[in-house]
Amino acid sequence: MKLGREHFSSDFAAVLAMAGSAIGLGNIWRFPYMTGQNGGAAFILIYIVCVFFLALPIFFAESVIGRTTQSNTFGAIRKIAPGSRLKWLGLLTVITPLVILSYYSVVGGWSVEYLFVSICSGFDEDVSSFFNEFTSSGVGPLACHTVFLLLTAFIVLEGVKSGIEKFNKVSIPVLFVLMLVIVAYSVTLPGSGPGISYMIRPDFSQITPRTFAYAMGQGFFSLSLGVGTVLTYSSYMGGRSGIVRAGIWTAVFDLTFAIIAGFAIMPAVFAAGIEPGAGPGLIFETLPYIFVKMGSGSAIISRAVAVLFFLTIVVAALTSSISMYEVGVAYLTEEKKMSRKKAVIVIFAFTWVLGAVCSVFSGAFSFCDSLTSNFLMTFGALLFVYLAGWKMDKSLVRKELYPAYSFVRYVAPPAIIAIFVTNFII
Ligand code: TRP
């Protein structure tokens, strides 16, 4: 058995793990759609500004807490504010990622099913009714949720270095390559032109104060902030690691992947003559339909691209789900002195049951989703920013975060409140 805490083998490995947590459905469906609705390239410019000046400071706050305390979320808060009641809020930071993981695993399970179908038989024209029948069939989605959660558990069980680090080191390059292959397919489809201009035509007339709020919310979601995953992964960084540099690199990876995903998806959507829609519907109903429709000319290629696409979704979802799982495992092994194996089993039991409830009752699914995205995530972010900006040793944090310190202290809190408020008006 290993003594002490495990660490990533380099800062670059930590960046890849954090990029893995960040890259997910937020990049694949949410970003392309928001770009198109909010002024194309003009939105991308504003998004870049928001990510670097408003979202990254929140990332730095989580990161500096994790790296300096070398603790799980609960332990970190106890170390920074010993004896205070904030400790109990620490428990919430353990529960939030596990609630997200529960319903995230249900969606991960759908992607496993879609990967399976695209390999075995391909889709027929009526993908929407396939989706509705499948998700309401009870046993199928439950089995897929179980498979997805088991995959996540096996990776986490292997540990920080030989599980999480290794999986991300392989997956992140693979994800980029897969997405680029899909771009090549997509932009060469006849009729893809308007989809390309949907992404690049800057329409400044669409820019309003609201655009900034959307861009900020998207950056917040995409960088997986407020959930304690950045904190936990940063706690596996060595004492001399540069927090600001690692954060900037993570944001660059996340942003690049989002832009590539936009060029993979929108040209295909337009080539098929479909209105780009928001939400999971785009991935589970619209896109498979496109693969069917485009398949008339070159069935084999479309089928192969469908397989690659759903493989991308499954892998992107796994690199995120392991980060949430690890928050719970770090807590149980360090605070409750459990073995890693026992911790993995306990987290599995909790998230499997909650996920099963979400899988069967769509009301439970939406409840968990809106509870976490509208309240718990913004609340968690506010807590981390308060601790890093106002509670920790000032000279230490200033030194670590130079030149971003005042952003953490003064800019991040109002930015988070703005995100919280706009969540309600969107
Ligand atoms: N960033 C993820 C995406 O873009 C979604 C997400 C939000 C997330 N919060 C998270 C992933 C916490 C892992 C942990 O899809």
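Residues numbered from 1 in each chain as written. Predicted model: local features only at pLDDT ≥ 70, side-chain atom pairs only at ≥ 80, totals over all residues. Heavy atoms only, no water.

Caption draft 1: Representation of empty space enclosed by the protein. Throughout the structure, instances matching the rule amount to one cavity of 30 Å³ or more. Of the voids in this model, the largest cavity is the one considered here, and its volume is about 50 Å³. For the lining of the largest cavity, the secondary structure elements donating two or more residues are helix H8 (160–187), helix H12 (243–271) and helix H13 (280–294). Taken together, the residues that form the lining of the largest cavity break down as eight nonpolar, one polar and no charged. (1 Å grid on protein atoms, 1.4 Å probe; cavity = no way out; pocket = protein on both sides within 12 Å on 5 of 7 lines; lining within 4 Å. Points joined across faces, edges and corners; volume = space filled by probe spheres on them. Helix = DSSP H or I, 4+ residues; strand = E, 2+ residues; numbered from the N terminus. Nonpolar A, V, L, I, M, F, W, Y, C, P; charged D, E, K, R; others polar.)

Caption draft 2: How the structure looks around the confidence of the model for the protein. Summing up the model confidence of the protein, the mean pLDDT is 91 and the portion of residues at 70 or higher is 97%. The least confident element of the protein is H13, whose mean pLDDT is 78; the most confident is helix H11 (residues 229–234), at 98. (pLDDT = per-residue confidence, 0-100.)

Caption draft 3: Spotlight on the pattern of salt bridges. Scanning the entire structure with this criterion turns up five salt bridges. Close ionic contact of Arg5 with Glu334 constitutes a salt bridge, the shortest N to O distance being 2.8 Å. Of the two residues, Arg5 sits in the segment before helix H1 (11–22) while Glu334 sits in helix H14 (residues 299–335), which places them 329 residues apart along the sequence. Given a relative accessible area of 24%, Arg5 falls into the partly exposed group. In this structure, the salt-bridge partner of Arg78 is Glu335, at a minimum N-O distance of 2.6 Å. Of this pair, Arg78 sits in helix H4 (residues 73–80) while Glu335 sits in helix H14; the two residues are 257 residues apart in sequence, bridging distant segments of the chain. A relative accessible area of 32% places Arg78 in the partly exposed class. (Salt bridge = Lys/Arg side-chain N within 4 Å of Asp/Glu carboxyl O. Buried < 20%, exposed > 50% of the residue type's maximum accessible area, 1.4 Å probe, protein only.)

Caption draft 4: Geometry of the site of the ligand. If you check the shell around the ligand, you find 15 residues, and the closest are Ala22, Leu25, Gly26, Phe221 and Ser224. Backbone polar atom of Gly26 to an oxygen atom of the ligand: 2.8 Å apart, as the coordinates give it. Here Ser222 contributes a backbone N or O atom positioned 3.0 Å from a nitrogen atom of the ligand. A total of 360 Å² of accessible area belongs to the ligand in isolation, and the protein chains cover 98% of it. Within the residue set of the shell around the ligand, elements represented by two or more residues are H1, helix H2 (25–37), helix H10 (209–222) and H14. (Near = heavy atom within 4 Å. Polar contact = N/O pair within 3.5 Å; in protein donor to acceptor, adjacent residues only side chain to side chain. Areas by Shrake-Rupley, 256 points an atom, 1.4 Å probe, with all protein chains shown as cover.)

Caption draft 5: View of a nonpolar patch on the surface. A grouping of Phe375, Leu382, Ile417, Phe420, Val421 and Phe424 is seen on the molecular surface, where their side chains present a nonpolar patch of about 510 Å² in accessible area. Residue assignment for the nonpolar patch shows that the elements contributing at least two residues are helix H16 (362–391) and helix H18 (405–425). It is H18 that provides the largest number of residues to the nonpolar patch, a total of four residues. Looking at the secondary structure, you find Leu382 in helix H16. Taking the relative accessible area as the measure of exposure, Leu382 reaches 33% and is therefore partly exposed. (Patch = residues over 30% accessible without salt bridge, like charges linked within 9 Å, V, L, I, M, F, W, Y side chains within 5 Å.)

Caption draft 6: Inspection of helix H9 (residues 193–200) at higher detail. Residues of H9 that are buried include every one of Gly195, Tyr198 and Met199, and no others. One side of H9 carries all its buried residues, which in axial view fall inside an arc of 90 degrees. Against the buried residues of H9 lie H2, helix H3 (41–69) and H12. (Arc of directions from axis to C-beta. Contact = heavy atoms within 4.5 Å.)

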